Amino acid sequence: MAVILSAQSLDKSYGARVLFQQVSISLAEGQHMGLIGPNGSGKSTLLKILAAVESADEGDISRRNGAVICYLPQEDQFPPGLSVEGVLLAALESHHVALRHDHVEEHERETAVAIALSKAGFVDFAQPADALSGGWKKRLAIARELVKSPDALLLDEPTNHLDLEGIRWLESLITSAGFACLIVTHDRYLLENVAGRVVELNRAYPDGSFGVDGPLSTFLEKREEFLAAQQARQASLASAVRREVQWLRRGAKARTTKAKGRIENASAMMSELADLKTRNAHAQTASIDFNATGRQTRKLISATRISKSFAACQLFDNLSFTLTPTTRL
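Residues numbered from 1 in each chain as written. Predicted model: local features only at pLDDT ≥ 70, side-chain atom pairs only at ≥ 80, totals over all residues. Heavy atoms only, no water.

Colleague: A description of the overall build of the chain should follow, citing residues and the corresponding values.
Modeller: Helix and strand counts for the chain stand at eight helices and eleven strands. A globule of 329 residues ought to have a C-alpha radius of gyration of about 20 Å, yet the chain, at 26 Å, is considerably larger. Seen through its principal axes, the chain has C-alpha atoms that stretch 105 × 60 × 35 Å. A buried classification covers 40% of the 329 residues belonging to the chain. Summarising the internal contacts of the chain: among those between residues at least 6 apart in sequence, 65% fall at separations of at least 24. Positive and negative side-chain charges in the chain, numbering 38 and 38 respectively, have mean positions lying 13 Å apart. (Helix = DSSP H or I, 4+ residues; strand = E, 2+ residues; numbered from the N terminus. Rg over C-alpha atoms; globule rule 2.2 N^0.38 Å. Buried < 20%, exposed > 50% of the residue type's maximum accessible area, 1.4 Å probe, protein only. Contact = heavy atoms within 4.5 Å. Lys, Arg positive; Asp, Glu negative; His and termini not counted. Charge placed at Lys NZ, Arg CZ, Asp CG, Glu CD.)

Colleague: Tell me about a nonpolar patch on the surface, and name the residues and values.
Modeller: Nonpolar side chains collect at one region of the surface, where I306, F310, L315, F316 and L319 lie side by side and expose about 450 Å² of accessible area between them. Of all the secondary-structure elements, those providing two or more residues to the nonpolar patch are β10 (301-310) and β11 (313-323). The leading source of residues in the nonpolar patch is β11, at three residues. Position of L319 relative to the elements: it lies in strand β11. Exposure remark for L319: the relative accessible area of 38% places this residue in the partly exposed category. (Patch = residues over 30% accessible without salt bridge, like charges linked within 9 Å, V, L, I, M, F, W, Y side chains within 5 Å. Areas by Shrake-Rupley, 256 points an atom, 1.4 Å probe, with all protein chains shown as cover. Salt bridge = Lys/Arg side-chain N within 4 Å of Asp/Glu carboxyl O.)

Colleague: Now, about the sheet that holds strand β2 (residues 17-28): what can you tell me, with residues and values included?
Modeller: If you trace the three strands from one edge of the open sheet to the other, you get β2-β1-β4, paired in antiparallel fashion. Lying at the two open borders of the sheet, with one neighbouring strand each, are β2 and β4 (58-63). Ignoring which end each strand starts from, the neighbouring axes of this sheet average 10 degrees apart. Pairing analysis gives five bridges linking strand β1 (residues 3-14) to β4, with the strands arranged antiparallel. Each bridged residue has a counterpart across the sheet, and for Q8 the counterpart in β4 is D60. The strands touched by helix α1 (residues 43-50) are β1, β2 and β4; relative to β1, the strand with the most contacts, the crossing angle is about 130 degrees. (Pairing = 2+ DSSP bridges. Axes fitted to C-alpha atoms, helices over the stretch in contact; angles between N-to-C directions.)

Colleague: Tell me about unusual backbone geometry, and name the residues and values.
Modeller: One non-glycine residue, S9, lies in positive phi territory at about 55 degrees. Along the polypeptide, S9 turns up in strand β1. Classification of S9 as partly exposed rests on a relative accessible area of 29%. Its identity is not glycine, yet H161 carries a phi of approximately 75 degrees, on the positive side. Along the chain, H161 falls in the loop between β6 (152-156) and α5 (164-176).

Colleague: I'd like a rundown of the side chain of E145, residues and numbers included.
Modeller: Take E145: it is sitting in helix α4 (residues 134-146). Here E145 falls in the buried class, since its relative accessible area comes to 5%. In terms of polar contacts, E145 uses its side chain to reach the side chain of K148, at 3.1 Å. Beyond its immediate sequence surroundings of up to four residues, E145 is in contact with C70, Y71, L72, P150 and L153. (Polar contact = N/O pair within 3.5 Å; in protein donor to acceptor, adjacent residues only side chain to side chain.)

Colleague: Before we move on, could you go through the nonpolar core and cite the residues and values that matter?
Modeller: Grouped together as the largest cluster of nonpolar side chains are 35 residues, with contacts concentrated most on L88, L117 and L140. When contributions to this core are tallied by element, the ones reaching two or more residues are β5 (69-72), α2 (84-98), α3 (106-119), α4, β6, α5, β7 (180-184) and α6 (188-194). When sequence neighbours within four positions are dropped, the list of residues in contact with L88 reads V113, A116, L117, L140, A143, R144 and V147. (Core = buried A, V, L, I, M, F, W, Y, C linked by side-chain atoms within 4.5 Å.)

Colleague: Run through the sheet that holds β6, naming residues and quoting values.
Modeller: The strand order across the open sheet built from six strands is β5-β6-β7-β3-β8-β9, with neighbouring strands paired in mixed fashion. Edge positions in the sheet fall to β5 and β9 (209-213), since each of these pairs with one other strand and no more. On average, each strand axis in the sheet is inclined to that of its neighbour by 15 degrees, with strand direction left out of account. With four bridges joining them, β5 and β6 adopt parallel strand pairing. For I69, the partnering residue across the bridge sits in β6 and is A152. Along the sheet, α1 contacts β3 (32-36), β5, β6, β7 and β8 (197-201); its crossing angle with β6, the most-contacted strand, is approximately 155 degrees. Relative to the sheet, helix α7 (residues 216-249) contacts β3, β8 and β9, its axis offset from that of β9 by approximately 130 degrees.

Colleague: Any details on the state of the cysteines? Residues and values, ideally.
Modeller: Applying the stated criterion across every chain, the model contains zero disulfides. Its sulfur unpaired, C70 is 11 Å from the next cysteine sulfur, which belongs to C181. A relative accessible area of 4% places C70 in the buried class. (Disulfide = S-S within 2.5 Å.)

Structure, rendered in structure tokens:
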């Protein structure tokens, strides 16, 4: 598969706070990748750098010529006073101007907008975007990127505000998508169902990240194997360093070539041990909260503004309630 987006040896800091160092990642055609990591590891910042919203302190980013790379931030904002159709038409117009597509017929834009809105589940294209619920605003934000026909879509916590039906719609959309996706999410179900590769951003790893082909369950197995091996390497190296320290304390004669080599080797082992201790400490303290998703609320039934009448007899009006597993109503 041809690579659409590639980043090599990225560094990013805010003042004295280092987010990540020497991180490399690439996204190929049609690839669906999940990006995870502890809170504060820089996942959202990395996504912004890849989307050219922010810049890295160091490193290189390459994008395939002509590739359309779209970005969905966590918070959804729309120009005031527009209908849902108007939001997409405005976005498509700006997109075509940016690409210097000067001769796009009006009916072509309207058709593209109608297709994107229909995919997102909208029926009434004239409804005001300001009046939408949080979940439908998220759908509209996704449709706004879909209408641009992306080659790659970068999604930051896309399940925020979506109900269970909305999350299932998103899973179906990504699974059937021909474009590539890079998804930052805490939703373990989404990762298990749609990701063909999972990458964790974490300073516990030598290169700042660790990636495995397959869904989340495969990643977690390989992650534990890697971290266990890294812990074992630290224990083995610590024993070797103790032996070398004892040898040095006996007063090694550094004038011989053999002794010089052993001293240099001991120094290298001490440096590696210090690095391993730091990384393993990050692995023990930095955990990933896979429950930070609306899916854990488990809304069994959610009713909003329900009304019912028989002829002139109104039974009830504007009734709203939610049933969860612990509700007694």
